[in-house]
Amino acid sequence: MEYLKKYPKLFQWLFLLIVFFALCFAIDVPETYKFIRGQAEFVKDPNQSVYFFLGKEVRYYAFDVFWRLPPLLGWLPIWINDSLFFLMNEWMPMEFWNEDTQEFKTRPILLQISRNLTAFMTFLIELIREILLGGLETIVAFTSWDFIDAYPWLELPGLPWTIVAAGAAILSYKLSGKGLALFAGLTMIYISIFGQWKPSMQTLSFILVAAPLSFIFGLGLGIAAYKSKRIEKALYPILLVMQTMPQYAVLVPALVLFGVGDHAAVIITMVVAVPPMILLTILGLRAIPPEVIEAGRMSGCTNWQLMLKVLIPTARRDILIGVNQVIMVCFSMAVISAFIGAKGLGFNLLLALNQLNIGLALEAGLCISLIAILLDKMSLAWANKQTDYFGNLTFFQRNKNVIFFAASFVIGIILAYVGTFIFKGSFNYLFEIPHNKGISTADFWNKGVDWIFDTFFVYIKAFNTWLIQDVLQPMRALYLRMPAVATLVLAVGAGYLIGGIRSALVVAALTLFIALSPWWDRALVTLYMATFGVVISCLIGFTVGTLCFQNKKSAAFMLGVCDIFQTFPSFVYLIPVMMLFGITDTSVLIAVIVYATIPATRYTIEGLRSVPVGLHEAATMSGVNKFQRLTKIEFPLAFPHMMLGLNQTIVFALFMVIIGAFIGTEDLGQYILKALSDKNGAGIGLTLGICVAFIGLIFDNLIRTWVGKRKKHLGID
Amino acid sequence: MSEIVIKCESVYKIFGENAKKMLEESNGNVDAKTFQEKGCIVGVNNASFEVAKGEMLVVMGLSGSGKSTLLRCISRLTDATGGKIFIEGQDLLELNNKELIELRRNKMGMVFQSFALLPHKTVVENIAFPLQIKGTNTEDSINRAMEMVKLVGLDGRENYFPRELSGGQQQRVGIARSLAVEPDIWFLDEPFSALDPLIRKEMQDEFLRLQEKLQKTIMFITHDFDEALKLADRIAIMKDGIIEQLDTPANIVLNPATEYVRKFTEEVPREKVLIIEDVMDASSKDDLGDLKVSKDEIIENVAEKILTQEKLVGVVDSNNNIVGSIKPSKIIDTVFGGRKNGS
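The model shown is predicted, which means the values in this text are computed figures rather than measured ones.

1. Observations concerning the overall build of chain B
No. 1: Looking only at helices and strands, chain B has 15 helices and 13 strands in total.
No. 2: On the principal axes, the C-alpha backbone points of chain B span a range of 65 × 55 × 35 Å.
No. 3: For chain B, the proportion of its 343 residues judged to be buried stands at 43%.
No. 4: Put simply, of all contacts in chain B between residues at least 6 apart along the chain, 65% involve residues at least 24 apart.

Structure below.
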């Protein structure tokens, strides 16, 4: 009884677990239950039950309600799909003037809007693409095909790669200094001579369109949310879901609304990239000291002057960090958008992976990684750059970057011209190196992969078999063995114990949504893979983080490594694991572990670092040794922050598990992948995305609530 | 008394949702405790006072006493919940947004505790900011800003960024910025509180020098009683939103109105605050010694001279007319004995 009084929480948790296991044992697996590999809605089978809702037929396998809830939300994806279809193809038809056929045509308004939007995006992308690579679409857009036939010299020639490389280096120099300039130059040269110039520039043009648009929308919405509580409240849930929604899932509705190609990808990229911009804008504006705002007001600023001359410049750094986020999200979307037919590096990567040409995939992946690092470093340098005063500089000093760029522009053109004489009859390597005509190391890597497979096949296979048979299968079976009711009780109970009735309700609603969707079993598989990844990631991350923290230099080094790895689009991680482990669940899990270890490590180091110096000194003066200091002071204080790391780890793991469907797993991601090639897939894709987001949000809610309470209790933050 | 510039009549500022309604129901009898129980926090409670042209009113109070809130009501950075505020006869609370902006652009200047400089502008750009907001062209505003740079003694640093300046220098920029539009009314919200003691003293002297030259109407907020005594024409002491006493420094020291005020005055060295006029005997003008002192002299400055006298010392006004006398023992009483019978 005394223990009960001393640790009431512990006993509450124990009680919850006992109830959970009791339920698990009390409810037997129905004899008819089996994991359904096919998609239930397409299988017609006399054992299925059927119900109708809002005129939609939902077919499902009925079980005891305690074992699996019936998919009462099964109509939702179909309904979303039909509504979208209706909106696009039937809602509000109007007469529109058609330029090509010179007559009025009746079209649903949304379809017309979507077409115009797509045309606009296509124009923007083409424009930038042609500046970088050359082409004639832009001129045609303003004139006509006949016109270009008559004046063929009007075709845009495209910039020689030397000029773009010099431009990148000069811009890097202006933003950061010699180091980054060197890196930018080398990256560009690498891309060019390895024949990845064209896809890289395609990807870059995609970003150059998507990022500024996302920035403008994000900033605008962020300011609106800052000014109006109501707008902020309306935006908040959307922002929350978008943060845990796998980027991959939003591609599916984009297909329906905007079709296949770069333009659809740009529009959908904005949907993903705007939320972080909004968040950082709000954060930046909120962080402005109130006295600065008052100073602005007392200077007699109107609202506009206050926003443009005081608020935004003062919040400059946070807003530019938002730009950094926008660029990185745009970049990773540019890669993933290959799934809906966007051109560029992602497309090449996808193609290479599909052909199992690991060498080519590796080259494309390396390119993607290098560009990601470059973009990240450049935009961060911009954010951290402080304004300098240039009062007494000469004309040359003030404009030296422009002058250098002009000079390299001229030199580049001369080089390209000279190149036409040197490389007569073959490709002009000083102008643009065509795709696959550069140096390629693909064969070398492919041979390497073959060698690894030949040499280590036995071991890898043995490891694979062991992992799958002895660890993964039983774990999966255990997860699937959970009756739905038991899972609900566990989730809601945890919510109640951590955050009281409010958390319990939120968690219950999120869990119920998934349980009532047709994909509960898949969600459990997703969860099992994510759990496996998260547990191992945390073990590695916490250990590595703690070890690195012991030395200032190694800690800084490790944070740098985390920074770099975090910039890589998740898709890239699949390349090396496929190289080593082939197409198995093991590959996906290893990718998950590698990817999810990043936040675990980072947050551990950051958490340990944030322990105040005063406490260290106090501890040292009390005569603790290093180990005692770690266990008695640093861990307890850093623990809340490490838990936030766990939260991130879960989100990262979920993302990777979903992407892993590309290799072939049986989780929710597989269905998203299927929805991509299904013309009725929009509703399914969106609902699946929301399911994944909700899994993330359940943990997010629990962990954040706990961390909030704990931090308050410890009096930090 | 000369022209009244700022006039407050029963100003209330109450934070909370139903503040306005609750204030109306209370009929002007605001009790902080009952309001707090209903979720409202009383910032300023029934403040009434006037500030004359060229006068410096120092509002002194500890943190949370409502002194900054009071200042923000008068500059209308927050809207007062009740009462009336007049700036040069204009009803401040009746002004629309445009008129308010005009008033701030031309009549008001404000200095902040944390300097509140714009981090992306240089010193001279910061000072020129209110002028440029007003629409003055770049050249004129920069020229005027350069004058201000000289006035506050920052010549040579005009192209520095705030991050490159020390606290004292940053506050000089803040002061210059607030004066750039030549305002008539000058608000200073704890301008020297964030500075080191030595710099603070230096800035106070500098401030007095400026005020002597400019003769602005000033509301100065501070939590430092010594600072208030040193600078003020009159002091308002605030506690829990209420003005406990509003009087000249000498009267506050000699006749504290409440127990709370008395606690502040206890440690004050009287000889540094009081002038001869405060302690002289105006009735006896006969039997004087040779020494004459001015009635406006601070006691500390003449104490030594007076104490060497055996006879009564004559007190004269600026026209050298004898207006009273002072006994040497009175000085000793004031400096050493005053504390016991001061209240």
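2. Focus on the overall build of chain A
No. 1: Counting its regular elements, chain A contains 29 helices and four strands.
No. 2: For chain A, the C-alpha radius of gyration of 28 Å lies close to 27 Å, the compact-globule estimate for 717 residues.
No. 3: Overall, chain A is about 90 × 75 × 70 Å in size when its C-alpha atoms are taken along their principal axes.
No. 4: A buried classification covers 43% of the 717 residues belonging to chain A.
No. 5: Long-range pairs, those at least 24 residues apart, make up 74% of the contacts in chain A with a sequence separation of at least 6.

3. What about the packing of helix α25 (residues 585-609) of chain A against helix α27 (residues 626-660) of chain A?
Residue and element names in this part refer to chain A.
No. 1: The interhelical angle for the contact between α25 and α27, taken along N-to-C directions, is 155°, at an axis separation of 7 Å. Relative to α27, the element α25 lies roughly antiparallel. The crossing of α25 and α27 is right-handed.
No. 2: Class assignment of the residues belonging to the contact of α25 with α27 gives a composition of 17 nonpolar, seven polar and three charged.

4. Regarding the domain arrangement of chain A
Residue and element names in this part refer to chain A.
No. 1: Assigned domains of chain A: these are domain 1 (205-361) and domain 2 (520-714).
No. 2: Domain 1 and domain 2 are separated by 23 Å when their C-alpha centres are compared.
No. 3: Each partner contributes to the interface: domain 1 provides 23 residues, whereas domain 2 provides 28 residues.
No. 4: Where the side of domain 1 that touches domain 2 is concerned, the elements lending two or more residues are α10 (229-244), α11 (247-258), α15 (316-336), α16 (345-354) and α17 (358-384).
No. 5: Ranked by the residues each element gives to the side of domain 1 that touches domain 2, the list is headed by α11, at eight residues.
No. 6: Partitioned by chemical class, the residues of the side of domain 1 that touches domain 2 number 21 nonpolar, two polar and no charged.

5. Side note on the sheet that holds strand β12 (residues 312-316) of chain B
Through backbone hydrogen bonds, the strands of a sheet pair up, either in parallel or in antiparallel fashion.
Residue and element names in this part refer to chain B.
No. 1: If you walk across this open sheet you meet the three strands as β11-β12-β13, and the pairing is mixed. In the strand order of this sheet, the two ends are held by β11 (288-294) and β13 (322-326), each with one partner. Going from strand to strand, the sheet's axes swing by 35° on average, the running direction of each strand aside.
No. 2: Taken together, the four bridges between β11 and β12 define a ladder with parallel strand orientation. Following the sheet pairing, V293 is matched in β12 by V315.

6. Quick notes on the sheet that holds strand β3 (residues 56-60) of chain B
All names here are of chain B.
No. 1: Reading across from one edge, β6-β7-β8-β3-β9-β10 is the order of the six strands in this open sheet, with mixed pairing throughout. Two strands close off the open sheet at either side, each with one partner strand: β6 (108-111) and β10 (242-247). On average, adjacent strands in this sheet sit at an angle of 15° to one another, irrespective of strand direction.
No. 2: Contacts from helix α3 (residues 67-74) reach β3, β7 (185-189), β8 (217-222) and β9 (234-239) within the one sheet, and its direction differs from that of β8 by about 150°.

7. Examining the interface of chain A and chain B
No. 1: The partner chain B presents 21 residues to the 19 residues of chain A that form the contact.
No. 2: The element contributing the most residues to the side of chain A that touches chain B is helix α13 (residues 290-298) of chain A, with six residues.
No. 3: Each residue belonging to the side of chain A that touches chain B can be placed in one class, and the counts come to eight nonpolar, seven polar and four charged.

8. Quick notes on the confidence of the model for chain A
No. 1: Taken over all residues, the pLDDT of chain A has a mean of 85, while the share at 70 or more is 94%.
No. 2: Across chain A, α13(A) holds the top mean pLDDT of 93, while helix α5 (residues 137-142) of chain A sits lowest at 68.

9. Observations regarding the nonpolar core
No. 1: C330(A), L349(A), V592(A), M656(A), I672(A) and I127(B) are the most contacted members of the largest nonpolar core, which has 282 residues in total.
No. 2: The greatest single-element share of this core, amounting to 15 residues, is contributed by helix α9 (residues 197-227) of chain A.
No. 3: Counting residues in each nonpolar core, the second largest holds five residues, with L73(A), W75(A), L76(A) and I78(A) among its members.

10. Details of the domain arrangement of chain B
All names here are of chain B.
No. 1: For chain B, the assigned domains read domain 1 (4-107 + 183-268) and domain 2 (271-341).
No. 2: Measuring from the centre of the C-alpha atoms in domain 1 to the corresponding centre in domain 2 gives 34 Å.
No. 3: Contacts between the two partners involve seven residues from domain 1 and, on the opposite side, five residues from domain 2.
No. 4: Tallying contributions element by element places helix α10 (residues 249-254) first for the side of domain 1 that touches domain 2, with four residues.
No. 5: Here the side of domain 1 that touches domain 2 is composed, by residue class, of six nonpolar, no polar and one charged.

11. Details of the packing of helix α7 (residues 161-175) of chain A against helix α19 (residues 400-422) of chain A
All names here are of chain A.
No. 1: Packing of α7 against α19 leaves a shortest axis separation of 8 Å and a crossing angle of 165°. Classified by the angle their axes make, α7 and α19 are roughly antiparallel. The handedness of the crossing between α7 and α19 is right-handed. On the side of α7, the interface is formed by T162, I163, A166, G167, I170 and K174, while α19 contributes N401, F404, F405, S408, F409, G412 and L415.
No. 2: Broken down by class, the residue content of the contact of α7 with α19 amounts to seven nonpolar, five polar and one charged.

12. With respect to helix α12 (residues 262-286) of chain A
Residues and elements named next belong to chain A.
No. 1: Over its 25 residues, α12 runs 36 Å from end to end, which matches the ideal 36 Å to within 8%, given 1.5 Å per residue.
No. 2: Where α12 bends most, the angle comes to about 30°, and this point is A273, followed within four residues by the proline P275.
No. 3: Extensive coverage of α12 is indicated by the burial of 21 of its 25 residues.

13. Details of the confidence of the model for chain B
All names here are of chain B.
No. 1: Residues at a pLDDT of 70 or more form 98% of chain B, whose mean pLDDT is 87.
No. 2: Across chain B, the secondary-structure element scoring lowest on mean pLDDT is helix α15 (residues 328-341), at 70, and the one scoring highest is β8, at 94.
No. 3: Among the scores for the predicted complex, ipTM is 0.85 and pTM is 0.85.

14. A word on the pairing of β7(B)
Residues and elements named next belong to chain B.
No. 1: Where burial is concerned, most of β7 is hidden: five out of the five residues are buried.
No. 2: Here four bridges tie β6 to β7, and the two strands are oriented parallel to one another. The residue bridging M110 from the neighbouring strand is F187, located in β7.
No. 3: With five bridges joining them, β7 and β8 adopt parallel strand pairing. The residue bridging I185 from the neighbouring strand is T217, located in β8.
No. 4: In terms of handedness, the path from β7 via helix α8 (residues 197-214) over to β8 forms a crossover that is right-handed.

15. Digging into unusual backbone geometry
No. 1: Unusually for a residue other than glycine, L356(A) sits at a positive phi of about 55°.
No. 2: Its place among the elements puts L356(A) in the loop between α16 and α17.
No. 3: Residues other than glycine seldom take positive phi values, yet D240(B) does so here, at roughly 50°.
No. 4: By secondary structure assignment, the location of D240(B) is in the loop between β9 and β10.
No. 5: D240(B) gets classed as partly exposed once you count the C-beta atoms within 10 Å, which come to 17.

16. Comments concerning the environment of M94(A)
Residue and element names in this part refer to chain A.
No. 1: Residue position: M94 is located in strand β3 (residues 93-98).
No. 2: Classification of M94 as exposed rests on a count of 12 C-beta atoms within 10 Å.
No. 3: Each C-alpha atom, one on M94 and one on G341, is 30 Å from the other, the two residues being 247 residues apart in sequence.
No. 4: The residues contacting M94, other than those within four sequence positions of it, are R107 and I109.

17. Focus on α25(A)
Residues spaced three or four apart along an α-helix point in a common direction, a consequence of the helix completing one turn every 3.6 residues.
No. 1: For α25(A), spanning 25 residues, the distance from its first C-alpha to its last is 36 Å, which sits close to the expected 36 Å at 1.5 Å a residue.
No. 2: Burial runs high along α25(A): 22 of the 25 residues are buried.

18. Some points on the environment of I218(B)
Residue and element names in this part refer to chain B.
No. 1: Mapped onto the elements, I218 comes out in strand β8.
No. 2: On the basis of neighbour counts, which here come to 24 C-beta atoms within 10 Å, the residue I218 falls in the buried class.
No. 3: C-alpha separation for the pair I218 and R163, spaced 55 residues apart in sequence, amounts to 28 Å.

19. Overview of the pairing of strand β1 (residues 4-15) of chain B
Residues and elements named next belong to chain B.
No. 1: Where β1 and strand β2 (residues 41-52) come together, eight bridges link them in antiparallel fashion. Residue pairing for β2: I6 is matched across the bridge by V51.
No. 2: As paired elements, β1 and strand β4 (residues 82-87) share five bridges and run antiparallel to each other. By the bridge assignment for β4, I6 is matched with I87.

Reading the values: rules and limits
Every chain is numbered independently, its residues counted from 1 as its sequence is written. Chains carry letters from A onward and ligands carry numbers from 1 onward, assigned in written order. Only residues with pLDDT of at least 70 are given local features in this predicted model, and only at 80 or more are side-chain atom pairs given and counted; all residues enter the totals for whole chains, interfaces and linings. Think of it this way: any DSSP run of H or I at least four residues long counts as a helix, any run of E at least two long counts as a strand, and we number them from the N terminus. In this scheme the burial state of a residue depends on its C-beta neighbours within 10 Å: 20 or more other such atoms mean buried, 12 or fewer mean exposed, and anything in between means partly exposed; the C-beta positions come from the backbone. In this description, any two residues whose backbone-derived C-beta atoms lie within 7 Å of each other are considered to be in contact. Each radius of gyration is computed over the set of C-alpha atoms, and the globule rule expresses the reference value as 2.2 Å times the number of residues to the power 0.38. Here an axis means a line fitted to C-alpha atoms, over the contact stretch when the element is a helix, while the angle between two N-to-C directions is reported on a 0 to 180 degree scale. Orientation labels follow simple angle bins: below 35 degrees gives roughly parallel, above 145 gives roughly antiparallel, 65 to 115 gives roughly perpendicular, and whatever is left gives oblique. In a left-handed crossing the near helix is turned counterclockwise from the far helix by less than a right angle, and in a right-handed crossing that turn is clockwise. Polarity classes work like this: nonpolar for Ala, Val, Leu, Ile, Met, Phe, Trp, Tyr, Cys and Pro, charged for Asp, Glu, Lys and Arg, and polar for all others, with Gly in that last group. For each domain, the first and last residues come from an automatic or database assignment. Paired strands, as defined in this entry, are two strands with at least two bridges between them according to DSSP. For every residue, the pLDDT score states the predictor's confidence, bounded by 0 at the bottom and 100 at the top. Here, a nonpolar core means buried Ala, Val, Leu, Ile, Met, Phe, Trp, Tyr and Cys residues linked by C-beta atoms lying within 7 Å of one another. Here the expected span of a helix is defined as 1.5 Å times the quantity of residues minus one. The angle between axes fitted to the seven-residue stretch ending at a residue and the seven-residue stretch beginning at it gives the bend at that residue. With strands facing away from the observer, any crossover in which the path from the first strand over the helix to the second runs clockwise is taken as right-handed.

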